[in-house]
Amino acid sequence: RLTILEGGNVGIGSTNPSARLHVEDTSLGYNQAVFKAVGGGGSTVQIDGQGTVWTPRINLLNTNQGIERDGSNKLSIFAGEVRIKDKLDNQTAVFDNNNGRLGIGTTSPTVKLHVNSDTSDTVAIFKSSDSTARIQIQDDDTTNHIVSNNSTLSLGANNTTHNDNLNIKSDG
C-alpha cells in the first residue's frame, strides 16, 4: 500500500507516514527496504543535509543506539556494546562501552584490553618501522618501558637501552 499525504509525506505500508519516507512492514520480515545495484558499482544509501549545524545519524528506534558523523568527520557508534563480525557471523572483536573494555578474539573482555589468540602462541605483534620499538607500562606513580633497539631488549624505567635498565643482547 502506498500513501501520499497532502504535506508530502510518503508511506509504504503505512497509512499515516510520520516522515518524508516512512516504510512499515508488519510481516516480521527482515527486509523492509532493499537497495540493489545490478552490474557492478554497489548499492549506496546516502544521507545528506543542508546547513552548517547538521549531524547525519541513523538511530535504531527505541534503543538509544545508532551511528552518526559529527562536524569534524568522525564516525561514532553509540551503543552499550559494539561487536565486529565476519561474513560467517563469527565475532572478531567487541567493544563494551558500558565498562570501557575492548575484546579481540573474545566476546567477553574482562579488562580494558583483552586479547585471545585462540590456538596461536603469538598473542600480539607490536612493530615499529625504525630501529626502536617500545611499550610503556604505567601505574599511578611509576612508568616503565619494554624497549627493543637494534639487537637489544631493555626492561626498566628508561625509554632507551639505558645502563640502569636490564638489557639483554641477542649475542648473549
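Everything numeric in this text was worked out from a predicted model, so none of it was measured.

### Looking at the side chain of Asn9
No. 1: Within the element layout of this structure, Asn9 appears in the loop between strand 1 (2-4) and strand 2 (10-12).
No. 2: Of the polar contacts made by the side chain of Asn9, one reaches the backbone oxygen of Pro17; its length is 3.3 Å.
No. 3: Within the local environment of Asn9, its side chain forms a polar contact with the side chain of Arg20, the two groups lying 3.4 Å apart.
No. 4: Ignoring any residue separated from it by four or fewer positions in sequence, one finds Asn9 in contact with Thr3, Ile4, Pro17, Ser18, Ala19 and Arg20.

### Side note on the environment of Lys169
No. 1: When you line up the elements, Lys169 lands in strand 14 (residues 166-169).
No. 2: Residues Lys169 and Leu153, 16 residues apart in the sequence, show an inter-C-alpha distance of 6.4 Å.
No. 3: If we ignore the near neighbours within four places in the chain, the residues touching Lys169 are Ser151 and Thr152.

Conventions we followed
Residues numbered from 1 in each chain as written. Predicted model: local features only at pLDDT ≥ 70, side-chain atom pairs only at ≥ 80, totals over all residues. Heavy atoms only, no water. Helix = DSSP H or I, 4+ residues; strand = E, 2+ residues; numbered from the N terminus. Polar contact = N/O pair within 3.5 Å; in protein donor to acceptor, adjacent residues only side chain to side chain. Contact = heavy atoms within 4.5 Å.

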